[in-house]
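Notes for the structure review
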Amino acid sequence: MNKQTKLYDIGVIGLGVMGKNLALNIADNHYRVSAFDLDVLKVSGLVNQAEKEVGPHRTLGIKGCDNLVEMLADLEKPRIFVLSVPAGKAVDGVCQALVEAGIEQDDIVVDTGNSLWTDTIAREEKYRHQFTFFSCAVSGGEVGARFGPSLMPCGDKKAWHRIQPIWEAIAAKVDPQSGLPIERTQPGETVTEGEACTSYIGPAGSGHYVKMVHNGIEYADMQLICEAYHLLSQGLGLDALEVSAIFERWNKGSLNSYLMEISADILKQLDPVTSKPLVELILDKAGQKGTGLWTAVSSLQIGCPAPTMAEAVYARALSTQKTQRVKLSGLLSGPISPKNGLIDHTKAQIFIDQLENALYCAKVSSYAQGFQLMAMAGKEQGWQLDFAKIAKIWRAGCIIRATFLQSITQAYQHAADGALENLLMAETFAVALSQKQHDWRQAVSQAVLNGIPAPCISSALAYYDGYRSAILPANLLQGQRDFFGAHTFERIDAPEGEKYHLNWSSAERKLHKVN
Ligand SMILES: NC(=O)C1=CN([C@@H]2O[C@H](COP(=O)(O)OP(=O)(O)OC[C@H]3O[C@@H](n4cnc5c(N)ncnc54)[C@H](OP(=O)(O)O)[C@@H]3O)[C@@H](O)[C@H]2O)C=CC1
Ligand SMILES: O=C(CO)[C@H](O)[C@H](O)COP(=O)(O)O
């Protein structure tokens with residue numbers, strides 16, 4: 001391996017999709033990187049790529065290591081290690097191997113994988129007497145990691161101050177006025193202006209919680225776009241290229257986002273083998289690694305409704321039941337399908353415009369759920385989450401980046417003392433949704449009438465309607481609970497907290513005040 005005399009600034013462990021690109025990004029920003037992976041081919045692959053990218057006149061400060069003892073010797077003390085290994089056992093495996101290799105108390109280990117936030121809290125405690133376990137969730141996929149991701153650090157404040165200059169250098173950057181990304185796409189380029197998409201989130205676990213909700217929102221955003229595609233293709237009978245053109249137009253307006261942009265691109269792609277649209281040849285069974293599921297589970301545990309994110313997880317699960325779906329498509333009846341699609345063609349443009357507004361409203365509703373979930377979790381855990389900052393660091397670099405996040409940033413900045421309980425209460429969104437909600441209902445109605453599943457668009461509407469309902473039928477529900485289980489109920493004409501029970505089954509039906 002490449003022998004250097006000067007010590008290195010940072011050690012990157014795990015050189016898969018993310019680790020390799022983070023290492024190159026860090027080196028582009030003039031920090032010297034020592035890199036290790038269990039797979040020697042990944043180590044040599046990184047070193048070769050670094051040499052190729054810069055050519056003979058300039059070298060990137062990247063060195064491959066054979067083992068962790070070598071890496072420890074390579075690094076300037078106190079040392080900084082970046083872990084980019086699969087979440088779960090591998091993280092503890094590397095931490096243990098670092099202990100065996102001689103890691104010291106002042107050294108910092110930064111876990112950048114999609115770890116479960118409760119594991120992060122436990123690890124900070126577990127390794128407290130051996131080194132500082134810090135964590136920083138990363139979003140942006142391969143390209144983000146290479147040219148500027150969104151970074152959500154949490155844990156020991158002193159550790160944050162040490163890594164902050166590196167993190168601010170490698171993060172995506174945003175023009176503070178417009179909220180638009182300042183992009184770099186070439187190896188060796190750096191962006192030194194603009195606001196960095198990283199900000200200290202809070203104590204251990206908080207950054208990973210925020211990233212988990214980011215992924216829950218990501219699942220919902222993706223499914224919302226897929227439902228629009230389904231309604232346009234199955235409902236109106238449009239082909240992939242026609243849907244792509246609609247998405248490209250939507251991407252120029254309030255729906256502008258990275259996910260909308262790549263969806264338009266995907267729909268345009270022809271299969272190199274058959275020349276048909278590739279999307280039509282991709283099997284309709286969705287995968288998942290678990291972060292969306294964790295978000296839905298947390299929302300249920302906390303008691304904070306996040307139905308659109310949960311529906312997005314269910315939609316992926318349902319998609320995997322392909323064999324049953326195929327069987328039932330011939331067994332269960334739905335609306336009769338005319339040749340050119342289900343929805344009246346003479347009203348196609350009206351429907352397309354309604355769907356655009358429906359998608360915008362559903363997106364606002366979904367983000368409102370996500371931000372409220374973070375607020376409730378933050379309260380429960382005693383984290384002081386700054387939502388304007390969180391929206392800010394999602395404006396570029398991450399998968400859910402969108403111009404819309406500038407409006408969310410401003411909504412939280414304008415709310416006095418962080419008093420915005422729910423995004424739906426922000427004037428900008430309340431007004432927009434009031435104006436567009438009729439179209440949202442039309443789109444959901446068309447989906448229902450024509451038998452096209454749109455669980456995220458419609459659950460987002462149900463959340464909106466539930467949230468704006470002064471009266472819900474939970475009075476009857478409380479009656480049911482008291483009837484069969486003596487679970488008691490409160491009365492609207494009695495002080496809050498006072499509990500009552502009616503002896504529903506007895507002849508006299510006596511009301512008792514319960515102490
Ligand atoms: N891919 C993405 O878009 C994103 C991924 N993430 C998260 O980042 C983390 C890394 O993801 P990704 O790069 O995609 O994963 P990959 O599987 O591509 O890379 C992980 C790498 O870590 C190596 N590795 C595993 N165990 C060890 C070990 N004990 N010591 C050294 N190296 C080890 C693996 O080697 P081997 O293959 O030989 O086992 C592999 O090269 C995950 O937690 C993921 O959830 C976060 C944001 C986006
Ligand atoms: O964290 C990410 C981006 O922010 C990953 O892309 C995410 O892990 C993808 O999740 P899944 O495989 O479950 O779709």
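As a convention, each chain's residues are numbered from 1 in the sequence order in which they are written. Following the order in which they are written, the chains are lettered starting with A and the ligands numbered starting with 1. The model is predicted, so local features are restricted to residues of pLDDT at least 70 and side-chain atom pairs to those at 80 or more, both for listing and for counting; the totals for chains, interfaces and linings are taken over all residues.

An unreviewed UniProt entry lists the chain under the name 6-phosphogluconate dehydrogenase, decarboxylating, with Shewanella surugensis as the source organism. UniProt positions are given in the numbering used here, feature names are shortened, and annotations may be inferred rather than shown by experiment. Note on the chain: under the UniProt heading Function (unreviewed entry), the record states "Catalyzes the oxidative decarboxylation of 6-phosphogluconate to ribulose 5-phosphate and CO(2), with concomitant reduction of NADP to NADPH." Under the Pathway (unreviewed entry) heading, UniProt states for the chain: "Carbohydrate degradation; pentose phosphate pathway; D-ribulose 5-phosphate from D-glucose 6-phosphate (oxidative stage): step 3/3."

**Quick notes on the site of ligand 1**
Near residues are defined by distance alone, with the backbone-placed C-beta atom required to lie within 6 Å of the molecule or strand. Taken together, 23 residues lie around ligand 1, and Gly14, Gly16, Met18, Gly113 and Asn114 are the ones closest in. Under the scheme used here, helices are H or I runs from DSSP no shorter than 4 residues and strands are E runs no shorter than 2 residues, and both carry numbers assigned from the N terminus. When contributions to the shell around ligand 1 are tallied by element, the ones reaching two or more residues are α1 (17–28), α4 (89–101) and β6 (132–139). Amino acid classes used here: Ala, Val, Leu, Ile, Met, Phe, Trp, Tyr, Cys and Pro are nonpolar; Asp, Glu, Lys and Arg are charged; the rest, including Gly, are polar. Here the shell around ligand 1 is built from residues that sort into 11 nonpolar, 9 polar and 3 charged.

**Section: the site of ligand 2**
Around ligand 2 sit Asn114, Ser139, Gly141, Asn215, Glu218, Gly287, Gln288, Lys289, Thr291, Gly292 and Ile399, and those are all the residues in its vicinity. At the level of elements, α8 (206–235) and α11 (291–302) are the ones that each hand at least two residues to the shell around ligand 2. Here the residues of the shell around ligand 2 are counted per class, giving 1 nonpolar, 8 polar and 2 charged. Domain extents, as shown, originate in an automatic or database domain assignment. Looking at which domains feed residues into the shell around ligand 2, each of domain 1 (10–204) and domain 2 (208–467) supplies at least three.

**So, the sheet that holds strand β8 (residues 173–174)**
Strand pairing is assigned whenever DSSP detects at least two bridges linking the two strands. Reading across from one edge, β9-β8-β10 is the order of the 3 strands in this open sheet, with antiparallel pairing throughout. Edge strands, defined here as strands with exactly one partner in the open sheet, are β9 (181–182) and β10 (195–196). As paired strands, β8 and β9 are joined by 2 bridges and run antiparallel to one another. In the strand pairing of β9, Val174 is matched with Pro181.

**Observations regarding the nonpolar core**
If you look at the biggest cluster of nonpolar residues, it comprises 142 residues, and the most contacted ones within it are Ala23, Ala35, Val109, Ala362, Leu423 and Ile457. Considering each element in turn, this core owes the most residues, 15 residues, to helix α14 (residues 348–381). Split by domain, the residues of this core number at least three in each of domain 1 (10–204) and domain 2 (208–467). Whether two residues are in contact is decided by their C-beta atoms, placed from the backbone, lying within 7 Å. Among residues more than four places away in sequence, those in contact with Ile457 are Leu224, Glu227, Ala358, Ala362, Ala443, Val444 and Ala447. For this analysis, nonpolar core means a set of buried Ala, Val, Leu, Ile, Met, Phe, Trp, Tyr and Cys residues linked through C-beta atoms within 7 Å. Exposure classes come from backbone-placed C-beta atoms, where a residue is buried if 20 or more other C-beta atoms lie within 10 Å of its own, exposed if 12 or fewer do, and partly exposed in between.

**Some remarks on the packing of α14 against helix α17 (residues 427–449)**
Two measures define how a pair of helices packs: the angle their axes make with one another and the distance between the axes. Note on definitions: angles span 0 to 180 degrees between N-to-C directions of axes, and those axes are lines fitted to C-alpha atoms, for helices only across the stretch in contact. Where α14 meets α17, the axes come as close as 7 Å, and the angle between the chain directions of the two elements is 125°. Classified by the angle between their axes, α14 and α17 sit oblique to one another. Between α14 and α17 lies a crossing whose hand is left-handed. Touching Phe351, Gln354, Leu355, Asn357, Ala358, Tyr360, Cys361, Ala362 and Val364 of α14 are Phe429, Leu433, Lys436, Gln437, Asp439, Trp440, Gln442, Ala443, Val444 and Gln446, all from α17. Classifying every residue of the contact of α14 with α17 gives 12 nonpolar, 5 polar and 2 charged. The scheme is simple: roughly parallel for angles under 35 degrees, roughly antiparallel for over 145, roughly perpendicular for 65 to 115, oblique for anything else. Two helices that cross are described as forming a left-handed crossing if the nearer one is turned anticlockwise from the farther one by less than a right angle, and a right-handed crossing if clockwise.

**A look at unusual backbone geometry**
In most cases, non-glycine residues show a negative phi, while peptide bonds are predominantly trans. Cis peptide bonds are those with omega within 30 degrees of zero, and the linkage from Lys77 to Pro78 qualifies with -15°. The backbone phi angle of Thr488 is positive, close to 70°, even though this residue is not glycine. Tracing the backbone shows Thr488 in the loop between α19 (474–485) and β11 (499–502). Taking the C-beta count within 10 Å as the criterion, Thr488 has 16 such neighbours and is therefore assigned partly exposed.

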